[in-house]
Each structure stands twice: as structure tokens, then as C-alpha cells.
Amino acid sequence: MTNAGTTVAVIDNGIGVPLRTWAPRFLRARNLQLYAGGLLLLAIVALVALAPVLTPYNPAATDPLNALQGFGGAHLLGTDNLGRDTWSRLLYGGRVDLTIAFLAVLVPFVSGVLIGTLSGYAGGWLDAIVMRIADIVVAFPFYVLVITLVFVLGSGERSIFIAISTVSWVAYARIVRAEVLVLRKREFIEAGRASGIGTTRMVFRHVLPNVITQAIVYSMSDIVMNIGVIVTLSYFGLGIVPPTPDWGGMMSNGQQFLAGGYYSLTLVPAAAVVLTSLALSLVGDGLAHALRIHR
Amino acid sequence: MLRYLGHRVLLLIPVVFGVITISFFLMHMSPGDPARTLLGPKASQHSVDLLRHQWGLDRGLGWQYLHFLGATVTGQLGDSFYFASPIMQLLRLRIPVTLLLMLMGAIFAVVIAVPLSVVSTTSRHSYSAAVVRGFNAVVQGMPTFFIGSMLILFLGLKAGAFPAGGYPSSGFPAQLRALILPAFTVALGMVPLLVRSLNASMTEISRSEFVAFGRAKGLDRGRVMLRYVIRNSSIAGISILGIQVAVLAGGTLVVEQVFALPGMGSLLMDAILNRDYPVVQACTLTFAILVVLIYLVTDLLYAALDPRVRQV
């Protein structure tokens, strides 16, 4: 995925780098992507977290007399076919989706980074076994594994979380392992080992801090992918169980009304998905830039 | 080279073995009974038991597993529970659709991604690069099924330019036409990562000395771009494309479902829903072989294109 040794800082002397830029001067020196993405992300998280305060309706309350209403009026973003308030469902749905997406990054991140570091640092049979397991997980078609796992565990938040976690630690393990393999040959690691620092201390104090940045940057696109998976599973009816609002469920429900011209039912949750992903991508790029990782 | 190839092929066996073992036990652990699913809730327990006996499902899991392994190694995939026809026959119809979809998707992805990466490399920090980045971020955020259904709605139903779904059983040109929108959907899923990595490697290469030398020699920009930068970055591009195609082998499950294509993905989806164990096994086996073969071919291509790798 990423080439080894890319963490070496590049000293930019400014020669040969085009100076034309679309950002105004006062922003150019700062990390525009990181700030814009961070702000957008913060706004989304705040909206979703404050859902009970910001929404006047119960997201599950049906009101057939006011079904399929347009924007404005009593319902900010209109209502769906059962008369449920789209704005309320959007915010409450975001709570469900973002929580799982985030949790399903946290666990694979920790386990993947630890496994990758240990496997790369120890080498030998441990490394061989871990990498074969990683190969098997990768050779398994992703959706097949996730869908069968959701089947075995039953649909719902917990199953999606477990299914994603079983698969996505591999990416972290591989990224970190590749970094460790390069790092292991560096002088300061050899010096540390030669001076008798114990393995645990070496791994946690000297190896891990040097390899974790790549994994952090990757985790941003991983959240984006997780949102995609959660939404897709709900679309197939394998994800969040219906009365609970969720962006994927909203989109698949709205699709029946697309041909009738009711675009907003699908497009509003889709816009939420895209905006969230955009924010995360910007933060990811900004972080990569700030941490001097060239992807 | 031959030794390397042999070694690589040997390494594939445990991977494929692991995949089919896991899928066997996952499927048998999942709730629901194939005989009950086929016969329906009103069938008598006796007839369900008879069918289970006929399929060997009343035996121990260990026996079933060994039986399944033996049959797989000797190349007997058996019959589908649900369709009651030989699986080989089903696969022969379904595999070409998925392969064609993946191939067209990969071609579309390259055709879209290369110009975009050239734009964002040659004019870094400009408006056009910002547009490419924005496009990338937005497309990356869109779930595949959403892209697919929007394409169906606007290009298929509203504009009527392309078939909105389904797959004609004969006539190659018509089949190709039916795959245009699905392949485009597959391609859009691959483009963001492809552009990102191509852009990174193009930027790195255009900073290298031989490119500066080419420019100094007075070659025009287009020629330097094509012969020096794009050609060299294609090496990195191929390995990313390989990973992407392999990942999307599983993603065809979604695309085929959205466009109602009779490929491997929809066969597998139906098989999972019907608890059609033998078909699920055969499909995961095929997908696993496909994925490891793609990785193998990618690595070999990489070695063939970049002499530096071959020596190791």
C-alpha cells in the first residue's frame, strides 16, 4: 500500500514548486484542509450529539396525514412516506451510524497496530502466522465475510461492529508492519537494543510512536469506508433494524419514491454521508500533510 | 523466475484452504436450515428430515467438513440445494458476467483516473487540482449502491441512454451495453484511491533528476509527461489497481444486486439467503481463487515492469 520509508521529512527549498495557489495568502501558510475538515467534522458531530435538543419531532413518530412533505414549513427537511420528520431522522440516524463507524475503527486500530508492530518487530514464526492470517482475510471477499458474519450474529449494531472489526484490523497490521520492518534497521533501534533496553520498552517507547502516524492517517479513510459498509448493509436490510433511524435505511426507503420525483428522501441522507466523508477525507489529507507523510 | 513463481503458487494453497474452511464453518453456524428454507414453513418435519438426510446434513459436522474437503480437492463441486442443478453449470453461466464487469470496470477506472492524476500533478495548488481533489473526496464518500441507483435513475430511466438493469442472455454487443453503467459504478469506486496514489508517484517522479534532465534537454512538456512520468508511475499504478480490483471482486456483490446482473455476486447473495451451502462454498472458493490470482498477476506484472524487483 504505502511505500516504505516515506516518513522521512522532505526539505522544501521552494525552487521548482509552482507558487500559483487558490487559497488566499493568509490561509496558505496554514493547513487549510485540516482546519476546514476539522470544522466541518466538529459541526456534524455537534449536530448529531445535540439531536434531542435540535429536533422538534420523535424520529420514529409517524404522521400519515403529513406524509411526503417538501422542505420548509413545520418540517425543516420535509417528511418521508410515513410522515416521519426527515431532519429528526437525519440527526438520530447520524448518531447510530457515526457511533458504529467510529467504534469499528477504534478496535481494529488498536488491535491492528499492536499486531502489526509485534509481528514486524519479532519476525520469525509469529510474523509468518500473522501474515498468513492476514492473507486469508484479504482473500475473503469483504462483503461475503461481513454478510455471513452478520447472518451468524444476527442483524443489528453489535453484529456490524464485530463484522467490520474482524476484517479491518488487517489493513492497520500491514501498514504498521511495513513501517516497522524499515524502522528495525535504523541505528537508534539497534542502539537501543544493544544498550539492553527490554523488548516491551523498545516496542512501546521507541517503535510504536514512530510507526503510528501512518495508521492514524489511514484511520480517517477507514471511517469513511465503515460508513459506506454500514449504509450498504442497511440498504440490503442486514444492518440497523428498521424502527431505529439510519442513513442507509433512509436512502433505501427513499429509493422507492425517486421515480415519483421525491428526490429529497434519498438525497438528504446521501448528502449527509458525502459531507461526513468529505470532512474525514479533508482531515486525513491535512493530517498526512501536517505529519509529513506523502501518500 | 520459475522458482519464484512456484514458491508464490505454493503460498496460495494455505490461503485458499483457510478461506473455504472459514466459510464452511461460518455457513454451518449461521441460523436457518437449508431444507426448511427450500420446503417452506408448512412442510412436515418428516420431509425436512428426509431432505436433510439426502443432503448429508444429519451427519456430524466433522464428517461433512472432511467430505466437503475431499470433494473440493477432487474438483467435484456437487449440486446446488436450491436450484437442484450442478454447480459447475451455474458457475459457467455466472463467472463470465462478473469477469467482464470487473475488466470493464478496471478499464474505465484507468481511463478516468490517469487524466485526473495528470491534471492534479501538473497543476498542483491550482483550481483544477482543487476540483480533482474535491471530486475525489465526494466520490469516495458515496456508497456504491447510491452511485449505481443514481446512474440508473438519470442515465438509465430519465435519459434512456443505457439499459437500467438486467442482462440479455445472448448477443455480445447488447451484453456489453448492459454492463456500461455497472462498470462505470465499479470504476467510480476505484478512482479516488487510484488518483491519489498515481498522483503521489507522479509527483515524486516529476521531482527526480532524469525528468529535470529531460526538460533541460528541451523536450516538450507533454512528451516528458508521457514518456517519463506516466510510464514510470504506471508501475506503482498497477499494484494499486491490482489491490483495488481484488477488493472490488467482493464489491461486485453490491453492484450486481443493484443492477440485477446474473453474476457471481448475485448468485452468492441468493445462496446466502437460501442457505444453499454448496453454492456459497463454491462461490467463496471461486472468489478466493480469483483474488489470489489477481494479486499474483499483479506481483508478476510488477516484476516484469520493474527490473529492480526481479533481482530480489
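None of these values were measured; they are calculated from a predicted model.

Before going further, it helps to spend a moment on the overall build of chain B. Scanning chain B from terminus to terminus reveals 13 helices and zero strands. If you list the helices and strands of chain B from N to C, you get α-α-α-α-α-α-α-α-α-α-α-α-α. Its C-alpha atoms put chain B at 85 × 55 × 35 Å along the principal axes. Going through the 312 residues of chain B one by one, you find that 39% of them count as buried. Put simply, 71% of the contacts in chain B that link residues at least 6 apart link residues at least 24 apart.

Now for the overall build of chain A. Scanning chain A for helices and strands turns up 11 helices and zero strands. Sequence-ordered secondary structure for chain A, helices as α and strands as β, is α-α-α-α-α-α-α-α-α-α-α. Here chain A, with 295 residues, has 46% of them falling under the buried criterion.

Taken together, the contact pairs 42 residues of chain B with 36 residues of chain A. Of all the elements in the fold, those that place two or more residues in the side of chain B that touches chain A are helix H1 (2-29), helix H6 (127-141), helix H7 (144-158), helix H8 (172-206), helix H10 (221-259), helix H11 (264-274) and helix H12 (277-305) of chain B. In terms of residue class, the side of chain B that touches chain A is built from 28 nonpolar, 12 polar and two charged.

Residue and element names in this part refer to chain B. The backbone of Ala260 sits at a positive phi, close to 55 degrees, despite the residue not being glycine. Mapped onto the elements of the fold, Ala260 is located in the loop between H10 and H11. Here Arg275, not a glycine, exhibits a phi torsion of approximately 55 degrees, which is positive. Along the polypeptide, Arg275 turns up in the loop between H11 and H12. Residue classification places Arg275 among the buried positions, given that 22 C-beta atoms sit within 10 Å.

Our focus in this paragraph is the nonpolar core. Formed by 154 residues in total, the largest nonpolar core has its most connected members in Val146 and Tyr172 of chain A together with Leu194, Leu268 and Val291 of chain B. Each residue touching Leu268 of chain B, except ones within four places of it in the same chain, is listed here: Val144 of chain A together with Leu253, Val280 and Cys283 of chain B.

Here the focus is helix H5 (residues 124-139) of chain A. Helix length check: H5 of chain A, at 16 residues, gives a terminal C-alpha distance of 23 Å against a target of 22 Å (1.5 Å per residue), a fit within 8%. Taken residue by residue, H5 of chain A has Val130, Ala134, Asp135, Ile136, Val137, Val138 and Ala139 of chain A as its buried positions. In this structure, the buried side of H5 of chain A is in contact with helix H4 (86-122) and helix H7 (157-183) of chain A together with H1 and H12 of chain B.

Right, let's get into the environment of Val191 of chain B. Residue and element names in this part refer to chain B. With respect to the helices and strands, the residue Val191 is situated in helix H8. Between the alpha carbons of Val191 and Leu91 there is a distance of 29 Å; along the sequence they are 100 residues apart. The residues contacting Val191, other than those within four sequence positions of it, are Ala109, Ile112, Ala113 and Val139.

The topology assignment puts Ala288 of chain B in helix H12. Overall, Ala288 of chain B belongs to the buried group, with 26 C-beta atoms counted inside 10 Å. Once the C-alpha coordinates of Ala288 of chain B and Leu12 of chain B are considered, the two residues, 276 residues apart in sequence, prove to be 9.7 Å apart. Dropping the residues within four chain positions of it, Ala288 of chain B is found in contact with Ala139 and Phe140 of chain A together with Val16, Val19 and Ile20 of chain B.

Moving on, we come to the packing of helix H5 (residues 87-122) of chain B against H11 of chain B. All names here are of chain B. Running from amino to carboxyl end, H5 crosses H11 at an angle of 130 degrees, the nearest separation of the two axes being 7 Å. In terms of orientation, H5 lies oblique with respect to H11. Across from Leu90, Arg94, Ile95 and Thr98 in H5, the residues of H11 making contact are Met264, Gly265 and Leu267. Of the residues belonging to the contact of H5 with H11, the class tally is four nonpolar, two polar and one charged.

Residue and element names in this part refer to chain A. For chain A, the average pLDDT comes to 77, and 85% of its residues sit at 70 or higher. Of all the helices and strands in chain A, helix H1 (residues 25-28) carries the lowest mean pLDDT, 55, while H4 carries the highest, 88. The low-confidence segment residues 1-21 (pLDDT under 50) makes 22 contacts with residues lying over four places distant or belonging to another chain.

This part is about the packing of H5 of chain A against H1 of chain B. The contact between H5 of chain A and H1 of chain B brings their axes to 9 Å, and the two run at 60 degrees. For the element pair H5 of chain A / H1 of chain B, the angle class is oblique. Crossing handedness for the pair H5 of chain A and H1 of chain B: right-handed. Here H5 of chain A contributes Arg132, Asp135, Ile136 and Ala139 of chain A to the contact with H1 of chain B, which in turn contributes Pro14, Val15, Gly18 and Val19 of chain B.

On to the environment of Leu151 of chain B. Residues and elements named next belong to chain B. Looking at where Leu151 falls in the secondary structure, it is placed in helix H7. In the structure, Leu151 is positioned 67 residues away from Gly218 in sequence and 45 Å away in space, judged by C-alpha atoms. Among residues more than four places away in sequence, those in contact with Leu151 are Gly156, Leu181, Phe184 and Thr185.

All names here are of chain B. Residues with a pLDDT of 70 or more make up 97% of chain B, whose mean pLDDT is 80. Per-element confidence in chain B ranges from a low mean pLDDT of 59 for helix H13 (residues 307-310) to a high of 86 for H5. Listed scores for the predicted complex are pTM 0.79 and ipTM 0.77.

Criteria and cut-off values
Residues numbered from 1 in each chain as written. Chains lettered and ligands numbered in written order. Predicted model: local features only at pLDDT ≥ 70, side-chain atom pairs only at ≥ 80, totals over all residues. Helix = DSSP H or I, 4+ residues; strand = E, 2+ residues; numbered from the N terminus. Buried ≥ 20, exposed ≤ 12 C-beta atoms within 10 Å, placed from the backbone. Contact = placed C-beta atoms within 7 Å. Nonpolar A, V, L, I, M, F, W, Y, C, P; charged D, E, K, R; others polar. Core = buried A, V, L, I, M, F, W, Y, C linked by C-beta atoms within 7 Å. Expected span 1.5 Å × (residues − 1). Axes fitted to C-alpha atoms, helices over the stretch in contact; angles between N-to-C directions. Parallel < 35°, antiparallel > 145°, perpendicular 65-115°, else oblique. pLDDT = per-residue confidence, 0-100. Left-handed = near helix turned anticlockwise from the far one by under 90°.

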